[in-house]
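# Results of the structural survey
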Amino acid sequence: MGFLDVILGRSKPVRPDLDQLFALPSAAITLQAGAGLTPTGLGSVCFASVEGGAFAQLQQDVRALLDADTERGGEPVAFSQDAYGYTWLLARQPPEDTAALVNDLHAVNTLLQDGGFGPQLLCSLMGFRGADGRSLALVYLYKRGTFYPFAPVAGAGEKRDNGLELQVRALLADDLRIEEDLARWFPVWGAPGL
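The following paragraphs examine the structure supplied in this document. (Residues numbered from 1 in each chain as written. Predicted model: local features only at pLDDT ≥ 70, side-chain atom pairs only at ≥ 80, totals over all residues. Heavy atoms only, no water.)

Core analysis: the largest hydrophobic core is formed by 49 residues, its most contacted members being Leu-136, Leu-138 and Leu-176. Among residues more than four places away in sequence, those in contact with Leu-176 are Ala-23, Leu-24, Ala-27, Leu-138 and Phe-147. (Core = buried A, V, L, I, M, F, W, Y, C linked by side-chain atoms within 4.5 Å. Buried < 20%, exposed > 50% of the residue type's maximum accessible area, 1.4 Å probe, protein only. Contact = heavy atoms within 4.5 Å.)

Moving on, we come to the packing of aromatic side chains. The final tally for this structure, using the stated rule, is 4 aromatic pairs. A centroid spacing of 5.3 Å and a plane angle of 90 degrees characterise the contact between Tyr-140 and Tyr-142, whose relative ring orientation is edge-to-face. A residue is classified by how much of its surface remains accessible, and Tyr-142, at 1% relative accessible area, is buried. Cluster of aromatic residues (ring-pair linked, three or more members): Tyr-140, Tyr-142 and Phe-147. (Phe/Tyr/Trp six-rings, centres within 6.5 Å; stacked < 30°, edge-to-face > 60°.)

Applying the stated criterion across every chain, the model contains 2 cavities of 30 Å³ or more. By volume, the largest cavity amounts to about 40 Å³. Lining the largest cavity are Phe-47, Leu-58, Gln-59, Val-62, Phe-79, Leu-89, Val-108 and Leu-112. For the lining of the largest cavity, the elements supplying multiple residues, two or more each, are α3 (53–66) and α4 (98–117). Sorting elements by how many residues they give to the lining of the largest cavity places α3 first, with 3 residues. Its residues assigned to classes, the lining of the largest cavity shows 7 nonpolar, 1 polar and no charged. (1 Å grid on protein atoms, 1.4 Å probe; cavity = no way out; pocket = protein on both sides within 12 Å on 5 of 7 lines; lining within 4 Å. Points joined across faces, edges and corners; volume = space filled by probe spheres on them. Helix = DSSP H or I, 4+ residues; strand = E, 2+ residues; numbered from the N terminus. Nonpolar A, V, L, I, M, F, W, Y, C, P; charged D, E, K, R; others polar.)

Set out below in structure tokens:
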């Protein structure tokens, strides 16, 4: 960072530490023991789409990598686009195999980053559900290198369970790098995998 950057208040963005995703399996154990929330086996990656052949080829490479086990009973990945034009990739694994799901999410992120599309990465999430029907996603923000919980209230439109989100923040303080700025806990309504 140069002298003018300091004077003008500019800072370099945090480089995503994709290895932070590997902390999710231990966080899943903590969530199950402390809040009764179990993994759903669903996780997704959100990124801004880019036009062009290189990006289309990268999407095909991602699909080929993650769909490699469909002949052995694995489920294929699904791509979708939200109302804001962002692309979501949904990955599925057995709920008890959080490590495999995290490996899939990490592989997608790494392929996008190594392909030069790191700035297009927005977030990844891993879904959880309670026996009482509560749902939760642990969301990883690439630009911040942090996680936050997102808990929509089922059947209540766009309403969040703030109490559950704060409870999860306290539970996972030792497992994950939690985003301190609550204003950055963006809602991801209708995200695949939630």
